[in-house]
Amino acid sequence: MSQEPLVASLRYYGVSPWESEVLYGLLNDMFKVEQDPDAKQDEDFATMVDVSFPLEFSDAFFKWFGYVRWDKVKAILKEMKRRRGAGKTMKSYICFAGKPNIKFVVDLDEHRWFNLAIEKIDFILELLEYQLDPQKIPPNITDVIYEFEQEAGRWRLHTAFSNDASYVFSQNEWKLVT
């Protein structure tokens, strides 16, 4: 009896055939990949890439996926931004399944900030236990979104969702969004 392969999602628009093939190849080594090259467009950005991993954001993921492969994923995203220039040219989502699901949103104008954000995603591993402590987050959270804060030069928790509510992290506390 064979086990079904894990399925990763690769959604994008405004991506060259070479770029999509490189991303697909990196993911296809480890997952079955569902592609959507006609993802819904955000008119503010010329390019969007959404990579969703079917595994939890953890040390175990990086050991299994491989640090070299992870570095190549980051490198292709940074190269895509470089090729598109400064400004609102590219938006990236990097998502991980888990409890809660974690999404990193990278939509920075300048290359160096975009690159820094991409490089620092895996740094969040050290903070997860503290930031997602059930005593510190709202109850029954299913999804969290991290956004990169340029002023501090680091990733910050931004939004959290439960089945029936949304919260924004502001002034060092969670606030219910109505």
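Asker: Just to check I follow, could you spell out the overall build of the chain for this structure?
Answerer: For the chain, the helix and strand inventory stands at five helices and nine strands. Helices and strands in the chain line up, N terminus first, as β-α-β-β-α-α-β-β-α-α-β-β-β-β. Taking 178 residues into account, the globule formula puts the C-alpha radius of gyration at 16 Å, and the chain, at 16 Å, falls close to it. Expressed as a percentage of its 178 residues, the buried residues of the chain come to 44%. Contacts in the chain between residues at least 24 apart in sequence constitute 61% of all its contacts with a sequence separation of at least 6. About 10200 Å² of surface is accessible on the chain, with carbon and sulfur atoms providing 48% of the total. Positive and negative side-chain charges in the chain, numbering 22 and 29 respectively, have mean positions lying 3 Å apart.

Asker: Please explain the pairing of strand β3 (residues 47-53) as it appears in this structure.
Answerer: Looking down a regular strand, the side chains alternate between one sheet face and the other. Among the seven residues of β3, six are classified as buried, and the element is accordingly described as predominantly covered. As judged from the seven bridges shared by β3 and strand β4 (residues 90-96), these two strands associate in the parallel manner. Residue pairing for β4: Asp50 is matched across the bridge by Tyr93.

Asker: Would you mind going over helix α3 (residues 67-84) with me for this structure?
Answerer: Three or four residues apart is the spacing at which side chains of an α-helix point the same way, because the helix has 3.6 residues per turn. Here α3 is 18 residues long and its end C-alpha atoms lie 26 Å apart, about the 26 Å a rise of 1.5 Å per residue gives. Packing partners of the buried residues in α3 comprise α1 (17-28), β3, α2 (59-65), β4 and α4 (111-120). Gly85 sits one or two residues past α3 and shows a positive phi near 85°.

Asker: Got a minute to help me understand the side chain of Asp50 in this structure?
Answerer: By secondary structure assignment, the location of Asp50 is in strand β3. Exposure remark for Asp50: the relative accessible area of 7% places this residue in the buried category. Here Ser52 takes part through its side chain, which lies 3.2 Å from a polar atom of the side chain of Asp50.

Calculation notes
Residues numbered from 1 in each chain as written. Predicted model: local features only at pLDDT ≥ 70, side-chain atom pairs only at ≥ 80, totals over all residues. Heavy atoms only, no water. Helix = DSSP H or I, 4+ residues; strand = E, 2+ residues; numbered from the N terminus. Rg over C-alpha atoms; globule rule 2.2 N^0.38 Å. Buried < 20%, exposed > 50% of the residue type's maximum accessible area, 1.4 Å probe, protein only. Contact = heavy atoms within 4.5 Å. Areas by Shrake-Rupley, 256 points an atom, 1.4 Å probe, with all protein chains shown as cover. Lys, Arg positive; Asp, Glu negative; His and termini not counted. Charge placed at Lys NZ, Arg CZ, Asp CG, Glu CD. Pairing = 2+ DSSP bridges. Expected span 1.5 Å × (residues − 1). Polar contact = N/O pair within 3.5 Å; in protein donor to acceptor, adjacent residues only side chain to side chain.

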